[in-house]
Structures are given as structure tokens and as C-alpha cells.
Amino acid sequence: MSHYNTTNFTNPSTFILLGIPGLEAAYVWISIPFCAMYIIAILGNFTILFIVKRDPSLRMPMYYFLSMLAVTDLVLCTSILPKMLGIFWFNSREIDFSACLTQMYFFNCFATMESGIFVAMAFDRYVAICDPLRHSTILTNRMVAKIGLAVVLRGSLLVLPYPVLASQWPYCKTNIIPHTYCKHISVVNLACADIRVSSYYSLSVTLFVPSTDLFFIAVSYIQILRAIFNLPTKDARLKTFGTCVSHLCAILVFYIPDVFSTLMHRIGNNLPLYFLIFMANVYLLVPPMLHPIVYGMRTKQIRDRLLSLFSHKRT
């Protein structure tokens, strides 16, 4: 254990991920639901991608954005879970300095992208309901590609300072990270330097991205609800609103755990560290697991294609 308490060094070659301190005896049991959620997330999101690619009738903006969401979820959970399970099962706690920064970048980058994808999906629902006759001319394949590129560039550029700044700090306190993955603030807190630039920047991004995206989503849905309430019959209103339910559920699944996890880390000073880390890991896994389930159950086209796929295999 002596190498777990390395001090008096700069630019460590490796960090030590402690996992969930205080719950070491339960790692095997904790790993079972985590591994199950990861498998469900992998299978569910790959199924969404397979169905959209296989069925030409689903080559529409809504399903292009859904495919982007599936890819984002796959990268999000895969950037964290394999290493976490390595800690739980094989006590594989070491992670290279560069690998730690890479993990930090990919997780935060794709989380930012996912938030942007929800804005794009809200815009698609807004055009489809408020201006249906122009939907195909506004959201062309070229426009969808531009929106996708904007989402990728925003996520990539906003998060790039995280690892760049973290790589500049001298680390002379310890190389032990009390977490299951390289969480940005957990890493930079190990630096023996003034990290206010990193801290303030990460806090700004944490506040700016979701608040801005939720604002645009709210504006879109205010216009959508106005259009829905102007429809002549109750059946028409329910049917139109039904096309938005999957998107609304996916938004709640993504943002509620995010807000809860952020609040727990900011104001939960009296909560045990193992609880905060455990909830942070749940936040990483729940959205990627539930998104394909939500869209599979609530979207008729996806559900019908999935049922036809299984029925074809039986025959």
C-alpha cells in the first residue's frame, strides 16, 4: 500500500482511484446492478442504432437525433464503467495520468453534447408541431448535419480547457483520487497550486450549459403547448402531445439525476463520501440505460420495428 500514498512529486505518471471508500466489502454486490445497467445500456442503444440504420422509413431528423443520443450514451457509460468494474472485481486502481485526463475529457465532453442533442430534439418537435408543412424543408439532412456538427464542436471546445488546465498544474500532495473515475474537481483538488481558474471555469460550464439548454427547451415547449391547445379536438391534442412524451421523459431522466448529483456535491457536506460517489455513479448509468427503454416503449415506430424484428427471428 505504500505506493498509494506517494508524496513530494510533480506530474505523477499514475493516479490511484480509490473507488467508493467505505464500501469496499460490498464491491462485488455493488458491481452486479452496475454491470447489469451497463449491459442494458449497451444492448439498448445498439438496438436503437441497428433499427434506425436497418429501416429506411426512419431516416428522419427525429431518428437521426435519437441515433446521436444513442452514440453519446454509449460513449458516456463506456468511458467510465470498464475501469470502475476493474476496481470492483480486480482491485485495478491505477490509471495513467494521460488516461485519467482522457477519461475526464470524454465524459464531460459527451455529457455536454447530450445536453445539446436534447435542444436539437426539442427544435425538431417544435418545427414538426408548430410548422409541420415546412418541417421537411427546414430540417433537411444538410441542416441536421450542421446541427450535429455544432453540438459536437460546442461540447469539444467547452470541455477542452478541463484537461488542458489540469495537465498544467503541479501535483505534490498525493496521487490518490477518492472516486471511481477521474472527476474533474477531484483531480484538480490534488494540485499544489492555485486552481481557481480550473474551478471557476468548470463551475461556469456546469451552470451555463444546462441552464442555457433548458431555457431553449422550455421556449420550444411553450410554443408547442400553445400550438397543441389551439387544436380543435381533444383527440388531436392528445395525439400531438404524445409525440413529445418520449423526448420529455428522456430530458427528465437526464437532468433530474444531474441536478440531484450536483446539489448533493455542493450542499451535502454532512452526507457520507461513499453516498455522494455512489449517487454520482448512478447518475452516469441511469440515463444511458433508460433512454433506449423510454424510446422503445413510447415511440410507436421503434416499438413496431423491434417487435417485427423479434417475430421475424422466431419464424
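Here, every reference points to the structure presented above.
Residues numbered from 1 in each chain as written. Predicted model: local features only at pLDDT ≥ 70, side-chain atom pairs only at ≥ 80, totals over all residues. Heavy atoms only, no water.

Caption draft 1: How the structure looks around the packing of helix H1 (residues 27-54) against helix H3 (residues 81-90). Here H1 crosses H3 at 155°, and the two axes come no closer than 9 Å. Classified by the angle their axes make, H1 and H3 are roughly antiparallel. Crossing geometry of H1 relative to H3 is assigned as left-handed. Residue-level inspection shows Tyr27, Ile30, Ser31, Phe34, Cys35 and Tyr38 of H1 in contact with H3, the latter providing Leu81, Pro82, Met84, Leu85, Ile87, Phe88 and Trp89. (Axes fitted to C-alpha atoms, helices over the stretch in contact; angles between N-to-C directions. Helix = DSSP H or I, 4+ residues; strand = E, 2+ residues; numbered from the N terminus. Parallel < 35°, antiparallel > 145°, perpendicular 65-115°, else oblique. Left-handed = near helix turned anticlockwise from the far one by under 90°. Contact = heavy atoms within 4.5 Å.)

Caption draft 2: Spatial organisation of the state of the cysteines. Scanning the model with the defined rule gives two disulfides in all. Disulfide pairing places Cys100 opposite Cys182 at an S-S distance of 2.0 Å. The sign of the S-S torsion, about -125°, decides the handedness of the disulfide formed by Cys100 and Cys182: left-handed. Pair noted here: Cys100 is in helix H4 (residues 97-130) and Cys182 is in the loop between strand E3 (176-177) and helix H8 (184-188), with a separation of 82 residues, a long-range link. On the basis of relative accessibility, which here comes to 0%, the residue Cys100 falls in the buried class. On the basis of relative accessible area, Cys182 is assigned to the buried category, the value being 2%. In the protein chain, the cysteines engaged in disulfides, taken in order along the sequence, are linked 1-3, 2-4. Residue Cys35 stays outside any disulfide, its sulfur separated by 11 Å from that of Cys77, the closest cysteine. Residue classification places Cys35 among the buried residues on the basis of a relative accessible area of 18%. (Disulfide = S-S within 2.5 Å. Buried < 20%, exposed > 50% of the residue type's maximum accessible area, 1.4 Å probe, protein only.)

Caption draft 3: Up close: the packing of aromatic side chains. Counted by the stated rule, this structure contains 16 aromatic pairs. Pairing Phe34 with Phe88 gives two aromatic rings, centres 6.2 Å apart and planes at 35°, and the pair type is tilted. With Phe34 in helix H1 and Phe88 in helix H3, this residue pair connects regions lying 54 residues apart in the sequence. Take Phe34: its relative accessible area is 2%, and that puts it in the buried class. (Phe/Tyr/Trp six-rings, centres within 6.5 Å; stacked < 30°, edge-to-face > 60°.)

Caption draft 4: Region of the structure containing the side chain of His247. Mapped onto the secondary structure, His247 falls in helix H10 (residues 234-267). What makes His247 buried here is its relative accessible area of 3%. A polar atom in the side chain of His247 sits 3.0 Å from the backbone oxygen of Phe118. Setting aside chain neighbours within four positions, we find His247 in contact with Phe118, Met121, Ala122, Tyr221 and Tyr295. (Polar contact = N/O pair within 3.5 Å; in protein donor to acceptor, adjacent residues only side chain to side chain.)

Caption draft 5: Here's a closer look at the pairing of strand E1 (residues 14-17). Alternating residues of E1 divide into Thr14 and Ile16 and Phe15 and Leu17, and every residue in both groups is buried. Inspection of the sheet shows E1 paired to strand E2 (residues 94-96) by three bridges, in the antiparallel sense. The residue bridging Phe15 from the neighbouring strand is Ile95, located in E2. Relative to E3, E1 runs parallel, the two being bridged by two bridges. Bridging from a neighbouring strand, Leu17 pairs with Ile177 of E3. (Pairing = 2+ DSSP bridges.)

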